[in-house]
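Read off the chains here:
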Amino acid sequence: MNGRAQDAILALLLVALAAVYALWFAQDRHWLATQLVFTLPPLLLALGVWLRRGKAAFWAGVLALFWFSHGVMSAWSHPETAGWAWAELLLALAVIGVGSGPGLRRRFEKR
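Keep in mind it's a predicted model, so treat the numbers as computed, not measured. (Residues numbered from 1 in each chain as written. Predicted model: local features only at pLDDT ≥ 70, side-chain atom pairs only at ≥ 80, totals over all residues. Heavy atoms only, no water.)

A. Representation of the environment of alanine 19 within the structure. With respect to the secondary-structure elements, alanine 19 resides in helix H1 (residues 3-24). Given a relative accessible area of 37%, alanine 19 falls into the partly exposed group. The sequence separation of alanine 19 and leucine 43 amounts to 24 residues, and the corresponding C-alpha distance is 9.1 Å. (Helix = DSSP H or I, 4+ residues; strand = E, 2+ residues; numbered from the N terminus. Buried < 20%, exposed > 50% of the residue type's maximum accessible area, 1.4 Å probe, protein only.)

B. Examining the packing of helix H2 (residues 31-50) against helix H3 (residues 56-77) more closely. Contact geometry of H2 with H3 gives a least axis separation of 9 Å together with a crossing angle of 155°. Accordingly, the angle class assigned to the pair H2 and H3 is roughly antiparallel. In terms of crossing hand, the pair formed by H2 and H3 is left-handed. In this structure, H2 uses Phe38, Pro41, Pro42, Leu45, Gly48 and Val49 to contact H3, whose residues at the interface are Ala56, Ala57, Trp59, Ala60, Leu63, Trp67 and His70. (Axes fitted to C-alpha atoms, helices over the stretch in contact; angles between N-to-C directions. Parallel < 35°, antiparallel > 145°, perpendicular 65-115°, else oblique. Left-handed = near helix turned anticlockwise from the far one by under 90°. Contact = heavy atoms within 4.5 Å.)

C. Spatial organisation of the pattern of salt bridges. Tallied over the entire structure, the rule returns one salt bridge. In this structure, arginine 52 and aspartate 7 form a salt bridge, with 3.4 Å as the shortest nitrogen-oxygen distance. Here aspartate 7 lies in helix H1 and arginine 52 lies in the loop between H2 and H3, a separation of 45 residues in the sequence. We classify arginine 52 as partly exposed; its relative accessible area is 48%. (Salt bridge = Lys/Arg side-chain N within 4 Å of Asp/Glu carboxyl O.)

D. Representation of the nonpolar core. Within the largest apolar cluster, 22 residues are counted, with the highest numbers of intra-cluster contacts made by Leu14, Tyr21, Trp24, Val49, Trp67 and Val95. Listed by contribution, the elements that provide at least two residues to this core are H1, H2, H3 and helix H4 (82-108). Ranked by the residues each element gives to this core, the list is headed by H1, at eight residues. If sequence neighbours within four positions are ignored, tryptophan 24 has contacts with His70, Ser74, Thr81, Trp84, Ala85 and Glu88. (Core = buried A, V, L, I, M, F, W, Y, C linked by side-chain atoms within 4.5 Å.)

E. Inspection of a nonpolar patch on the surface at higher detail. Nonpolar side chains collect at one region of the surface, where Val15, Trp31, Leu32, Leu36, Val37, Leu40, Leu43 and Leu44 lie side by side and expose about 750 Å² of accessible area between them. Broken down by element, the nonpolar patch gets its largest block of residues, seven residues, from H2. Inspection of the secondary structure puts leucine 44 in helix H2. (Patch = residues over 30% accessible without salt bridge, like charges linked within 9 Å, V, L, I, M, F, W, Y side chains within 5 Å. Areas by Shrake-Rupley, 256 points an atom, 1.4 Å probe, with all protein chains shown as cover.)

F. Broad picture of the packing of aromatic side chains. Applying the stated rule across the entire model yields six aromatic pairs. Here the aromatic rings of tyrosine 21 and tryptophan 24 are separated by 6.4 Å at their centres, their planes lie at 15°, and the arrangement is stacked. Residue tyrosine 21 and its partner tryptophan 24 are located together in helix H1, separated by three residues, close to a single helical turn. Classification of tryptophan 24 as buried rests on a relative accessible area of 13%. On the basis of an interplanar angle of 45° and a centroid distance of 5.2 Å, the ring pair of tyrosine 21 and phenylalanine 38 is categorised as tilted. Separated by 17 residues along the polypeptide, tyrosine 21 in helix H1 and phenylalanine 38 in helix H2 bring together distant segments of the chain. Among the aromatic residues, those joined into a ring-pair cluster are Tyr21, Trp24, Phe25 and Phe38. Its end group placed over the ring of tryptophan 50, arginine 4 keeps NZ or CZ at 4.6 Å from the ring centre. (Phe/Tyr/Trp six-rings, centres within 6.5 Å; stacked < 30°, edge-to-face > 60°. Lys NZ or Arg CZ within 6 Å of the ring centre and 35° of its normal.)

Here it is in structure tokens:
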């Protein structure tokens, strides 16, 4: 897969994650805070990846570790929102995998 296609997939995953957060927290009493903390970062990272900013994919992978942890904690402690938490968890894993792909390929390619 070429770099542009990988960037497009990563940006799409980040937008999907932001959509999950926007829907999940749509009725939250602290709506603005949840949107700033949860929805805005993946959207900004998606924009950075789409514009091919150098560190955007790296930071998406780093933040995805936190999103993964949040998904695990939410799925475990709030069964009523486990569907949203599982969506977050799976999207975070996908972001980590796609974002780490180029580095892993370079690390293990034959020289």
